[in-house]
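Here are the chains, one letter per residue:
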Amino acid sequence: MVKYKLVALIVAVATCSTAAFVSSPTTLPPQSSTLALSSTRSSASTAATTSSRAKKSVRDRTNEEAVSLIRDVVQAAFDAGPRAAPSRTLQAYIAISRTLQDFSPIQRPGRQAEQFSAPVALRKLFERLGATYIKLGQFVASSPSLFPKEYVLEFQKCLDSTEPLDWNVVKSIIEKETGSIPNNFAFIDKTPLASASIAQVHAAKLKTGEEVVIKVQKPRIDDLLKADLNFIYIASRVLEFLQPDFERTSLSAVAGDVKSSMLEELDFEKEAENIEEFREFLRVQGLRDSVTAPRVYRDLTTKKVLTMERLRGVSMVDAESIRTITNDPESLIITALNTWTTSVMNMPWFHADVHSGNLLVLDDGRVGFIDFGMVGRVGEKTFNAVSELSTSMALGDYEGMAKALLNMGATDENVDVQKFGKDIEQVMNDMAKVSPDIAAVGVSGDGTVQAAISFDEDEVTNMLLKIVAVTEDNGLKLPREFGLLVKQSLYFDRYLKILAPGLDINSDERMIALQSADSKVEVIV
């Protein structure tokens, strides 16, 4: 029920206008505003504090709470600004009309109405609403502990690709942010390598000869996201104020998480900082000969333009191409896994999007990590619980794993640890049975059948959903950061099955987590 309340909020927000933010105040509200966005309440703490108190109604709200809400509304309106709302309202009207038409019994000749499905309708609406809602859809897809299974699966299909901007628009942004193109670049390819909702990427070459890629933020996208995200936040705050029982769902906390993570992606200087921190981590760990991340060109990087080294390589699931680069793909995936695991243990954040497009095998045999726009941060409670979980898993102690998960999550009821442990054992056995897909792709001149090994992206999501389902069936709610950790671990599980199918990571001495008895965390695969 909690998850469906979150979906209901999204539906309400997606179908409303942002016109409430057309007129922004001329002065900032007092700095004493208790803007809830600045407080990162977790689902765990909310559940713990609300489970023991009597149900409240809006009549129980204090004057201070009312003043706090008003200040939040004013602050949100100020942050959003007046420019985005009118065009956003028109875009919302068009998006809603087209989505309704898809399911309407009245169709143009030659077309049939689609069978209505709430997840499908919402996904289509999000794609048509553009940047904010595409990113919100991706947030839904990566948060099975917050949203229902059918929405998580459907939003895996949320397409973050758009028509590319005209070159003259891109050129003006690059020159406004970094100066004259001829002074800095010998060449920029006018055709983008990719065009997504927030930015598009162009290949280029510096005057000094280095090959680079330029990530260019689309114009006024910051105004659009601020207007939408502030509206989402205010909708959640008003709902919680009018119906205090909704506080149990942490609607405003989720909205705050959405806002902070999306706005952080808008700041390319922050992404550049993430890349440089990761490169420094590689240096300190002595890994630069085997692992890399793009070099950032700071003098050509701003909040809206990111210029970085172009890494050439192949996807981590392209087994055939990898074997032309190295005759030891097993050691290569171990290196990648050890690097990520060590970063979780030693850095304040971890790469939270290691899908096959962001983890490369470079032409020189090194592992390349790219795209540091999405990172995860693990709180101390979760970190310690993951350590306990890893130790128990290495020992095959499923009840111990159940206890570790209990230490991590929030629960309002007594949990049968023995039953929970058996359920976890079943999930782990199911994971061990999953194997990569092998498809015939051609026949060579000597009659040998050539095959490609890959895995379905949905497999990762389905396994994560199974883990979430088991925890929820046993009365437990896990924090989102744990879901992010597990999803990255499941990616590595698939890579291991493709590149090192016979490897036992719990006994192989090359695994970094096994080399130190006091390691804080071990990757969960």
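Residues numbered from 1 in each chain as written. Predicted model: local features only at pLDDT ≥ 70, side-chain atom pairs only at ≥ 80, totals over all residues. Heavy atoms only, no water.

Description of the packing of helix H6 (residues 131–141) against helix H10 (residues 221–242)
Here is step 1: Interhelical geometry of H6 versus H10 gives an angle of 60° and a closest axis separation of 8 Å. Regarding the angle of H6 to H10, the classification is oblique. Contacts from Ala 131, Thr 132, Tyr 133 and Leu 136 of H6 reach H10 at Ile 221, Leu 224, Leu 225, Asp 228, Leu 229 and Ile 232. (Axes fitted to C-alpha atoms, helices over the stretch in contact; angles between N-to-C directions. Helix = DSSP H or I, 4+ residues; strand = E, 2+ residues; numbered from the N terminus. Parallel < 35°, antiparallel > 145°, perpendicular 65-115°, else oblique. Contact = heavy atoms within 4.5 Å.)

Quick look at the nonpolar core
Here is step 1: Phe 278, Met 316, Ile 333, Phe 369, Leu 405 and Phe 492 are the most contacted members of the largest nonpolar core, which has 105 residues in total.
Here is step 2: Of all the elements, helix H19 (residues 480–499) adds the most residues to this core, at 11 residues.
Here is step 3: Apart from the residues lying within four places of it in its own chain, the contact partners of Phe 278 are Ala 293, Thr 339, Ser 343, Met 347, Trp 349, Phe 369 and Phe 372. (Core = buried A, V, L, I, M, F, W, Y, C linked by side-chain atoms within 4.5 Å. Buried < 20%, exposed > 50% of the residue type's maximum accessible area, 1.4 Å probe, protein only.)

A closer look at a nonpolar patch on the surface
Here is step 1: The grouping of Leu 90, Tyr 93 and Ile 94 at the surface amounts to a nonpolar patch, some 330 Å² of accessible area in total.
Here is step 2: Along the chain, Leu 90 turns up in helix H4 (residues 85–103). (Patch = residues over 30% accessible without salt bridge, like charges linked within 9 Å, V, L, I, M, F, W, Y side chains within 5 Å. Areas by Shrake-Rupley, 256 points an atom, 1.4 Å probe, with all protein chains shown as cover. Salt bridge = Lys/Arg side-chain N within 4 Å of Asp/Glu carboxyl O.)

Comments concerning unusual backbone geometry
Here is step 1: For Arg 220, which is not glycine, the phi torsion reads 65° and is therefore positive.
Here is step 2: Position of Arg 220 among the secondary structure elements: in the loop between strand E4 (211–217) and H10.

Describing the packing of aromatic side chains
Here is step 1: Under the definition given, this model contains 10 aromatic pairs.
Here is step 2: For the ring pair Phe 278 and Phe 281, a centre distance of 5.6 Å and an interplane angle of 45° mean the geometry is tilted. In this pair, Phe 278 and Phe 281 both sit in helix H12 (residues 268–284), 3 residues apart, roughly one turn of the helix.
Here is step 3: A relative accessible area of 1% means that Phe 278 is categorised as buried.
Here is step 4: Given a relative accessible area of 7%, Phe 281 falls into the buried group.
Here is step 5: Seen in terms of ring centroids, Phe 492 and Tyr 495 are 5.9 Å apart; in terms of plane orientation they differ by 85°. Their pairing is edge-to-face. Of this pair, Phe 492 and Tyr 495 both sit in helix H19, 3 residues apart, which is roughly one turn of the helix.
Here is step 6: Look at Phe 492 and you get buried, because its relative accessible area is 0%.
Here is step 7: The rings of Phe 278, Phe 281, Trp 349, Phe 369 and Phe 372 are connected pair by pair, giving a single aromatic cluster. (Phe/Tyr/Trp six-rings, centres within 6.5 Å; stacked < 30°, edge-to-face > 60°.)

Focus: the sheet that holds strand E10 (residues 367–369)
Here is step 1: An order of E5-E10-E9-E7 is seen for the 4 strands of this open sheet, with the pairing classed as mixed. If you trace the sheet from one side to the other, it starts and ends with strand E5 (291–292) and strand E7 (313–315), each paired once.
Here is step 2: As defined by bridge partners, E7 adjoins strand E9 (residues 359–362) across 3 bridges and the pair is classed as antiparallel. When the bridges of E9 are listed, Ser 315 appears paired with Leu 360.
Here is step 3: Across the sheet, helix H14 (residues 329–346) lies against E5, E9 and E10, angled at about 35° from E10, the strand it touches most. (Pairing = 2+ DSSP bridges.)

With respect to the packing of H14 against H19
Here is step 1: One way to put it is that H14 packs onto H19 with a least axis distance of 9 Å and a crossing angle of 170°. Relative to H19, H14 is oriented roughly antiparallel. Between H14 and H19 lies a crossing whose hand is left-handed. Residues Pro 329, Glu 330, Ile 333, Ala 336, Leu 337, Trp 340 and Val 344 of H14 lie in contact with H19, whose contacting residues are Leu 485, Gln 488, Ser 489, Phe 492, Tyr 495, Leu 496 and Leu 499. (Left-handed = near helix turned anticlockwise from the far one by under 90°.)

Some words on the confidence of the model for the protein
Here is step 1: Averaged over every residue, the pLDDT of the protein is 76; residues scoring 70 or more account for 71%.
Here is step 2: Mean pLDDT values over the elements of the protein span from 40, in helix H2 (residues 43–50), up to 98, in strand E6 (residues 305–309).
Here is step 3: Note on residues 15–53: pLDDT is under 50 here. Beyond four places in sequence and across chains, it has 72 contacts.
Here is step 4: Confidence drops under a pLDDT of 50 for residues 516–525, and excluding neighbours within four residues, the segment shows 40 contacts in the predicted structure. (pLDDT = per-residue confidence, 0-100.)

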